[in-house]
Amino acid sequence: MIILGSTGSIGVNTLNIARKFNLNVEVLVAGSNIEVLNKQIEEFKPSKVVIANKVDIVKVNHSHVTFGEDEILNAIENSKSETVVNALVGFLGLKPTLKAIECGKKLALANKESLVVAGKFIDYTNLSPIDSEHFGLWYLIQEKAIDSMTITASGGSFRDYPLDELKNVSIKEALNHPNWSMGNKITIDSATMTNKIFELMEAAWLFDIRKLDAIIETKSLIHAMVNFKDGSTTAHIANASMQLPIAYAILGKCDTPVLEPVDLVKVGSLEFKKIETSRYPIWEAKDEIINNLDLGVVLNAANEVGVSKFLNSEIGFLDVSRISLEALNKFNNVKIDSLDDIFTIDKEVRAYCES
Ligand SMILES: NC(=O)C1=CN([C@@H]2O[C@H](COP(=O)(O)OP(=O)(O)OC[C@H]3O[C@@H](n4cnc5c(N)ncnc54)[C@H](OP(=O)(O)O)[C@@H]3O)[C@@H](O)[C@H]2O)C=CC1
Ligand SMILES: CC(=O)[C@@H](O)[C@H](O)COP(=O)(O)O
Ligand SMILES: [Mn+2]
């Protein structure tokens, strides 16, 4: 298989699954963490490697290394592998997603931003999402009439933080997720609850449903629930690890143990909470976005600008959601009719948010 973003949180977990199931790794794509990449090269012996920057090529212990976004697309196009795992973060992941589909690859998709911005142009035939909630929803679907779907949120780094101190939180505190160890960008998205809006959009595209909501389950043991028309609800329960969603996305099925089962007696109790707009201002826009999925391009671009500014200490934590809400307000009439529109609007929104 080809692993895009092999040095990240999902990438490393994917290689854990490759090791466990003895899967072939043909191409590794990484950014600038060359130290980790070299260890991966030594163990998995890919035939090709792509990195972000030319200056780092000399540091990579491999004879076939290229760099840059176009080379990621070339590597997909010229590979023998049937499967592409897209674990890149952000808008950068969109073109590789489209290329993998164009080349008829099976796509194991962690890059949720691809669906947020381009869900309506994606062919889902050979696509399996790598996201704990959507794996949970997929696991729960049965031949029964579905009324609605509910996904859970951990509540993120500031779930229990005093509301009036949110404007002064540090980057370190924001990156301290209560339940999951993930990359920086998605960890901030969790803290603002933007991640959950992204996930509702993902669910809308993946399951062709709009009756969708999210609630907080503080231990991240329940990932998703399906509410059936008969009044019953089923819940997907698993320990907080991405290895099971990754194994299923790559292998299609999995009958060997991947996770320790949840011991509910040890867990003792679960706590559920409403997602409040006072703590998560972006939640105000949830219904508008579910009813107009074209807004995903706007939210994604504004959020990438905001998260990057916050991580560079240019703005405060609450400004991340403020920037997104202002962009959603400004571009609320957006209409996305083609893939070109996505790239045009993405640029416009970024320019507006940077100004
Ligand atoms: N982490 C998780 O548990 C989950 C993540 N997701 C989604 O999966 C995706 C990946 O998340 P996560 O693994 O946490 O993110 P990370 O930040 O941990 O990993 C991102 C990966 O992309 C690579 N990368 C970044 N820029 C470039 C570039 N210009 N060229 C090539 N490679 C690049 C990074 O390389 P390097 O580090 O070497 O610079 C790294 O390997 C996101 O879309 C996220 O929302 C979804 C569900 C759960
Ligand atoms: C592991 C995973 O799927 C993440 O998307 C997770 O859901 C993030 O945690 P939050 O529930 O805090 O957004
Ligand atoms: Mn998720």
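Residues numbered from 1 in each chain as written. Chains lettered and ligands numbered in written order. Predicted model: local features only at pLDDT ≥ 70, side-chain atom pairs only at ≥ 80, totals over all residues.

- Taking an unreviewed UniProt entry as the reference, the protein is identified by name as 1-deoxy-D-xylulose 5-phosphate reductoisomerase belonging to Poseidonibacter parvus.
- Per UniProt, the protein carries the Sequence similarities (unreviewed entry) text "Belongs to the DXR family."
- Recorded in UniProt under Function (unreviewed entry), the annotation for the protein is "Catalyzes the NADPH-dependent rearrangement and reduction of 1-deoxy-D-xylulose-5-phosphate (DXP) to 2-C-methyl-D-erythritol 4-phosphate (MEP)." (UniProt positions renumbered as here; feature names shortened; annotations may be inferred.)

**Focus: the sheet that holds strand β1 (residues 2–4)**
In step 1: Here we have seven strands laid out as an open sheet, ordered β4-β3-β2-β1-β5-β6-β7, and parallel in their pairing. Two strands close off the open sheet at either side, each with one partner strand: β4 (65–67) and β7 (127–129). Along the sheet, successive strands turn relative to each other by an average axial angle of 15°, direction set aside.
In step 2: Judged from the three bridges that link them, β1 and strand β2 (residues 27–29) form a sheet pairing that is parallel. From the neighbouring strand, Leu 4 faces β2, where its bridge partner is Val 29.
In step 3: Each of β5 (83–86), β6 (106–109) and β7 is contacted by helix α10 (residues 243–251), which is oriented at about 175° to β7, the strand it contacts most. (Pairing = 2+ DSSP bridges. Helix = DSSP H or I, 4+ residues; strand = E, 2+ residues; numbered from the N terminus. Axes fitted to C-alpha atoms, helices over the stretch in contact; angles between N-to-C directions. Contact = placed C-beta atoms within 7 Å.)

**A closer look at the nonpolar core**
In step 1: Residues Ile 197, Met 201, Val 298 and Ala 302 are the most contacted members of the largest nonpolar core, which totals 53 residues.
In step 2: The dominant element in this core, judged by the number of residues it contributes, is helix α13 (residues 295–311), at nine residues.
In step 3: Beyond its immediate stretch of four places on either side in the chain, Ile 197 contacts Ile 282, Lys 286, Ile 289 and Leu 299.
In step 4: By size, the runner-up hydrophobic cluster in this structure holds 46 residues, among which are Ile 10, Val 25, Leu 28 and Leu 127. (Core = buried A, V, L, I, M, F, W, Y, C linked by C-beta atoms within 7 Å. Buried ≥ 20, exposed ≤ 12 C-beta atoms within 10 Å, placed from the backbone.)

**Considering the UniProt feature "binding site: NADPH" (unreviewed entry) in the protein**
In step 1: Using the residue numbers shown here, the UniProt feature "binding site: NADPH" (unreviewed entry) corresponds to Thr 7, Gly 8, Ser 9, Ile 10, Gly 31, Asn 33, Asn 111, Glu 113 and Gly 183.
In step 2: Overall, the presence of 19 C-beta atoms within 10 Å leaves Ser 9 in the partly exposed class.
In step 3: Tracing the sequence through the fold places Asn 33 in the loop between β2 and α2 (34–44).

**Here we look at the pairing of strand β3 (residues 48–51)**
In step 1: One ladder, built from three bridges, connects β2 with β3; its direction is parallel. Within the sheet, the bridge partner assigned to Val 27 lies in β3 and is Lys 48.
In step 2: Between β2 and its parallel partner β3, the chain crosses via α2, and the hand of that crossover is right-handed.
In step 3: As paired strands, β3 and β4 are joined by three bridges and run parallel to one another. Within the sheet, the bridge partner assigned to Ile 51 lies in β4 and is Phe 67. (Right-handed = clockwise from strand over helix to strand, strands pointing away.)

**Considering the site of ligand 2**
In step 1: Close contacts around ligand 2 come from Asp 131, Ser 132, Glu 133, Ala 153, Ser 154, Gly 156, Trp 180, Ser 190, Asn 195, Lys 196 and Met 242, and that covers them all.
In step 2: Those elements that place two or more of their residues in the shell around ligand 2 are α6 (132–140) and α9 (194–207).
In step 3: Its residues assigned to classes, the shell around ligand 2 shows three nonpolar, five polar and three charged. (Near = placed C-beta within 6 Å. Nonpolar A, V, L, I, M, F, W, Y, C, P; charged D, E, K, R; others polar.)

**Some points on the sheet that holds strand β9 (residues 212–217)**
In step 1: Pairing within the open sheet is mixed, and its five strands lie in the order β11-β10-β8-β9-β12. Of all the strands in the sheet, just β11 (233–237) and β12 (272–273) have a single pairing partner and so form its edges.
In step 2: In this structure, strand β10 (residues 222–228) lies alongside β11, joined through five bridges in antiparallel fashion. Opposite Met 225, over in β11, you have Ala 235 as the bridge partner.
In step 3: Against the sheet, α6 touches β8 (146–153), β10 and β11, its axis set at about 40° to β10.

**Some thoughts on the UniProt feature "domain: 1-deoxy-D-xylulose 5-phosphate reductoisomerase N-terminal" (unreviewed entry) in the protein**
In step 1: Here, the residues flagged by UniProt with the feature "domain: 1-deoxy-D-xylulose 5-phosphate reductoisomerase N-terminal" (unreviewed entry) are residues 1–119.
In step 2: Counting secondary structure, residues 1–119 comes out at 41% helix and 18% strand; the distance between its end C-alpha atoms is 24 Å.

**A word on the site of ligand 1**
In step 1: Neighbouring residues of ligand 1: 29 residues in total, closest Gly 5, Gly 8, Gly 31, Asn 33 and Gly 183.
In step 2: Only α1 (9–21), α5 (112–118) and α8 (184–192) provide two or more residues apiece to the shell around ligand 1.
In step 3: Along the lines of polarity and charge, the residues of the shell around ligand 1 split into 13 nonpolar, 12 polar and four charged.
In step 4: Composition of the shell around ligand 1 by domain shows at least three residues from each of domain 1 (2–130) and domain 2 (133–241 + 263–354). (Domains from an automatic or database assignment.)

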